[in-house]
Amino acid sequence: MSKKIDRALKDLIKALKKHAEVMGAPRVPVKRAHKASARVQAAANAYTEAVHQRTGLGSPFVDLIEPGLDEDTLRSLKSERDAVLRRHNVRLT
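Per chain, the residues get numbers from 1 upward, laid out in the order the sequence is written. Owing to the predicted nature of the model, reporting of local features is limited to residues with pLDDT of at least 70; listing and counting of side-chain atom pairs is limited to 80 or more, with chain, interface and lining totals taken over all residues. By convention in this description, side-chain values take in all heavy atoms of the structure and omit both hydrogens and water.

**Thoughts on the nonpolar core**
Line of reasoning, step 1. Judged by nonpolar contacts, Ile5, Ala8, Leu12, Ala15, Val40, Ala43, Ala44, Tyr47, Ala50 and Val51 together constitute the single largest core of 10 residues.
Line of reasoning, step 2. To qualify as a helix, a DSSP run of H or I must reach at least 4 residues; to qualify as a strand, a run of E must reach at least 2; elements of each kind are numbered from the N terminus. Sorting the residues of this core by element identifies helix H1 (3-23) and helix H2 (30-55) as the ones contributing at least two each.
Line of reasoning, step 3. Ranked by the residues each element gives to this core, the list is headed by H2, at 6 residues.
Line of reasoning, step 4. Ignoring any residue separated from it by four or fewer positions in sequence, one finds alanine 50 in contact with Lys4, Ile5 and Ala8. The criterion is simple. A nonpolar core is a set of buried Ala, Val, Leu, Ile, Met, Phe, Trp, Tyr and Cys residues joined through side-chain atoms within 4.5 Å. In this scheme, a residue with accessible area under 20% of its type's maximum is buried, one over 50% is exposed, and one in between is partly exposed, where area comes from a 1.4 Å probe on protein chains only. Only heavy atoms enter the contact rule, under which two residues are in contact if any of them lie within 4.5 Å.

**Remarks on the environment of threonine 48**
Line of reasoning, step 1. Within the fold, threonine 48 resides in helix H2.
Line of reasoning, step 2. You can call threonine 48 buried: its relative accessible area is 14%.
Line of reasoning, step 3. Considering only alpha carbons, one finds threonine 48 and isoleucine 5, 43 residues apart in sequence, at a separation of 8.7 Å.
Line of reasoning, step 4. In this structure threonine 48 touches Ser59, Pro60 and Phe61, once residues within four positions along its chain are discounted.

**Concerning the environment of glutamate 71**
Line of reasoning, step 1. Its place among the elements puts glutamate 71 in helix H3 (residues 71-87).
Line of reasoning, step 2. We classify glutamate 71 as exposed; its relative accessible area is 51%.
Line of reasoning, step 3. In sequence terms glutamate 71 and tyrosine 47 are 24 residues apart; their C-alpha atoms lie 29 Å from each other.

**A look at the packing of H1 against H2**
Line of reasoning, step 1. Interaxial angles span 0 to 180 degrees and are taken between N-to-C directions of axes, which are lines fitted to C-alpha atoms, for helices over the stretch in contact. Axis separation between H1 and H2 bottoms out at 8 Å; the angle between their running directions is 160°. On the basis of their axis angle, the class for H1 and H2 is roughly antiparallel. Where H1 crosses over H2, the two elements pack in a sense that is left-handed.
Line of reasoning, step 2. Following the grouping adopted for this structure description, the nonpolar residues are Ala, Val, Leu, Ile, Met, Phe, Trp, Tyr, Cys and Pro, the charged ones are Asp, Glu, Lys and Arg, and the polar ones are all others, Gly among them. Here the contact of H1 with H2 is built from residues that sort into 17 nonpolar, 3 polar and 7 charged. Each angle receives one of four descriptions, namely roughly parallel if under 35 degrees, roughly antiparallel if over 145, roughly perpendicular if within 65 to 115, and oblique otherwise. Handedness of a crossing follows from how the near helix is turned relative to the far one, being left-handed for an anticlockwise turn of less than a right angle and right-handed for a clockwise one.

**As for a positive patch on the surface**
Line of reasoning, step 1. Only residues above 30% relative accessible area that lack a salt bridge enter a patch, with like-charged residues linked at up to 9 Å and the nonpolar side chains Val, Leu, Ile, Met, Phe, Trp and Tyr linked at up to 5 Å. Each accessible area value is a Shrake-Rupley result obtained with a 1.4 Å probe; residue values ignore everything except the protein chains displayed when judging cover. Salt-bridge detection follows one rule: a side-chain nitrogen of Lys or Arg within 4 Å of a carboxyl oxygen of Asp or Glu. Under this rule, positive means Lys or Arg and negative means Asp or Glu; His and the chain ends count for nothing. Here the site of a charge means atom NZ of a Lys, CZ of an Arg, CG of an Asp or CD of a Glu. A cluster of like positive charges, contributed by Lys14, Lys31, Arg32, Lys35 and Arg39, occupies part of the molecular surface.
Line of reasoning, step 2. In terms of residue count, H2 provides more of the positive patch than any other element does, 4 residues in total.
Line of reasoning, step 3. Tracing the chain through its elements places arginine 39 in helix H2.

**Brief notes about the packing of aromatic side chains**
Line of reasoning, step 1. The criterion for an aromatic pair is that two Phe, Tyr or Trp rings (for Trp, the six-membered ring) have centres within 6.5 Å, with stacked assigned to planes under 30 degrees apart, edge-to-face to planes over 60 apart and tilted to the rest. Considering all chains together, one arrives at 1 aromatic pair under this definition.
Line of reasoning, step 2. Between tyrosine 47 and phenylalanine 61 the ring centres are 6.4 Å apart and the planes differ by 65°, which places this aromatic pair in the edge-to-face class. Taken together, the residues tyrosine 47 in helix H2 and phenylalanine 61 in the loop between H2 and H3 connect sequence positions 14 residues apart.
Line of reasoning, step 3. Exposure remark for phenylalanine 61: the relative accessible area of 28% places this residue in the partly exposed category.

Quick look at the structure:
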């Protein structure tokens, strides 16, 4: 495994563990929850970038959905995403 990918993976795992700790508390402080979520997003982006630099492949997190969005909104967002990927000649899986 490349050193950059390995480091990014470790950071992502650490951020996810902290996120789970904060979110699993009996009372979830909003400020801490937002901070933990931002760290997970930053770590996921760093991991994606490390993988892309090494392989040229896209994000493994492309199809993650936001809970609470209705089906019409999800379909619309997926359609827009697919159109952007096609314009940039990115292979859809």
